[in-house]
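# Summary of the model geometry
Each chain is listed here by its residues.
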Amino acid sequence: MAHLANHPATRAAAKVMNRFDLTQRMVALLRQDEAVIGGIGYTNFDLWAASTRADGSRRTQNFYMLGSMGLAVPIAMGVAIAQPARRVIALEGDGSILMQLGALGTVASRGQKNLAIVIMDNGAYQITGGQATHTETGSDIVAIARASGLAQSAWAADEAAFEELIRLALTEDGPWLIGCRIDAGKPRDTTERDPARIRDQFMRGIGVR
Ligand SMILES: Cc1ncc(C[n+]2csc(CCOP(=O)(O)OP(=O)(O)O)c2C)c(N)n1
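The structure contained in this document is the topic of the report that follows. The model shown is predicted, which means the values in this text are computed figures rather than measured ones. (Residues numbered from 1 in each chain as written. Predicted model: local features only at pLDDT ≥ 70, side-chain atom pairs only at ≥ 80, totals over all residues. Heavy atoms only, no water.)

### Re the overall build of the protein
Scanning the protein for helices and strands turns up 8 helices and 9 strands. On C-alpha atoms alone, the protein measures out to a radius of gyration of 15 Å, which is about the 17 Å that the 2.2 N^0.38 rule sets for 209 residues. With the C-alpha coordinates of the protein rotated into their principal frame, the extents come out at 40 × 35 × 30 Å. The 209 residues of the protein split such that 54% are buried. Across the protein, the fraction of contacts at a sequence separation of at least 24, relative to all contacts at a separation of at least 6, is 78%. On the protein, roughly 8900 Å² of surface is accessible, and the fraction owed to carbon and sulfur atoms is 51%. In the protein, 22 side chains carry a positive charge and 21 a negative one; their mean positions are 5 Å apart. (Helix = DSSP H or I, 4+ residues; strand = E, 2+ residues; numbered from the N terminus. Rg over C-alpha atoms; globule rule 2.2 N^0.38 Å. Buried < 20%, exposed > 50% of the residue type's maximum accessible area, 1.4 Å probe, protein only. Contact = heavy atoms within 4.5 Å. Areas by Shrake-Rupley, 256 points an atom, 1.4 Å probe, with all protein chains shown as cover. Lys, Arg positive; Asp, Glu negative; His and termini not counted. Charge placed at Lys NZ, Arg CZ, Asp CG, Glu CD.)

Right, dumping it as structure tokens:
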């Protein structure tokens, strides 16, 4: 893709950034109605933290997957299919997407225009103790995504490039995949563990309840 020519295709070329900082930057670029699906892991917690406003209120167009790995992309794709006028972002950890790689090919084969996938790659299953994932030893999520048919996939070289890629994903046809290398920083908060409430608020947030 011509507009991705300036963005690196390899993990080694990407700066190691901070998950909370990137998530805050992403939330700041949302216009309001985009749906964001947080996968299990610390990606989820930082989405919760970055979506909590100073007055304690919280963005209601977010869904927080608690329980199973690898479901952010499938859930986001379901929302994107059901509501094609809405932009949908899946936020997932490297460990979790490695468990559900077939979802990338499914998204590619559907050519889901309103869907973007953001992978927070810390090379570890951080929330369960920091065991190394395969990205530490050579698996490159962006290369896997491209080989799965997601041509519009790139690593964010740095924070400014990340914002540029998010802006693209919010305005131009997808599907998109944005890889982010992140450090081992702890998340800023913990998602409230109340699945029924999470589901209910999200359904209200996207206007189906
Ligand atoms: C199917 C499944 N296997 C294992 C677990 C246990 N588990 C929960 S989160 C997690 C690690 C998630 O790693 P990653 O997606 O890389 O996110 P991070 O914790 O690094 O933010 C594991 C092993 C689970 N919840 N579901």
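### Brief notes about the packing of aromatic side chains
Aromatic rings in a pair are described by how distant their centres are and how their planes are angled relative to each other. Taken as a whole and judged by the stated rule, the model has 3 aromatic pairs. Ring centres of Trp-48 and Tyr-64 lie 5.2 Å apart, and the angle between their planes is 70°; this geometry places the pair in the edge-to-face category. With a gap of 16 residues between them, Trp-48 in helix H2 (residues 42-50) and Tyr-64 in strand S3 (residues 62-64) connect regions that are remote in the sequence. For the ring pair Phe-63 and Phe-202, a centre distance of 5.5 Å and an interplane angle of 55° mean the geometry is tilted. Of the two residues, Phe-63 sits in strand S3 while Phe-202 sits in helix H8 (residues 195-205), which places them 139 residues apart along the sequence. (Phe/Tyr/Trp six-rings, centres within 6.5 Å; stacked < 30°, edge-to-face > 60°.)

### A short note on the site of the ligand
Taken together, 18 residues surround the ligand, and among them Gly-67, Gly-95, Ser-96, Ala-124 and Ile-127 come closest. Asp-94 is positioned with one of its side-chain polar atoms (N or O) 3.4 Å from an oxygen atom of the ligand. In the model, an oxygen atom of the ligand is placed 2.8 Å from a nitrogen or oxygen of the Ala-124 main chain. Protein chains shield 76% of the accessible area of the ligand, which is 590 Å² for the free molecule. Comparing atom positions with the cavity grids shows the ligand to sit within the largest pocket. (Near = heavy atom within 4 Å. Polar contact = N/O pair within 3.5 Å; in protein donor to acceptor, adjacent residues only side chain to side chain. 1 Å grid on protein atoms, 1.4 Å probe; cavity = no way out; pocket = protein on both sides within 12 Å on 5 of 7 lines; lining within 4 Å. Sits in = over half its atoms within 2 Å of the grid points.)

### Topic: the environment of Glu-136
Tracing the sequence through the fold places Glu-136 in the loop between strand S7 (131-132) and helix H6 (141-147). Sequence separation between Glu-136 and Ala-124 is 12 residues; the distance between their C-alpha atoms is 7.6 Å. Once residues within four sequence positions are removed from consideration, Glu-136 is found in contact with Arg-11 and Gly-123.

### A word on the environment of Ser-148
The residue Ser-148 is located in the loop between H6 and strand S8 (153-155) in this model. Among residues more than four places away in sequence, those in contact with Ser-148 are Leu-104, Gly-105 and Ala-108. A distance of 2.7 Å separates a polar atom in the side chain of Ser-148 from the backbone oxygen of Ile-144.

### So, the nonpolar core
If you look at the biggest cluster of nonpolar residues, it comprises 62 residues, and the most contacted ones within it are Met-26, Ile-117, Val-118, Phe-162, Leu-177 and Ile-178. Here Phe-162 is in contact with Leu-22, Arg-25, Met-26, Val-118, Ala-156, Ile-178 and Cys-180, once residues within four sequence places are set aside. (Core = buried A, V, L, I, M, F, W, Y, C linked by side-chain atoms within 4.5 Å.)

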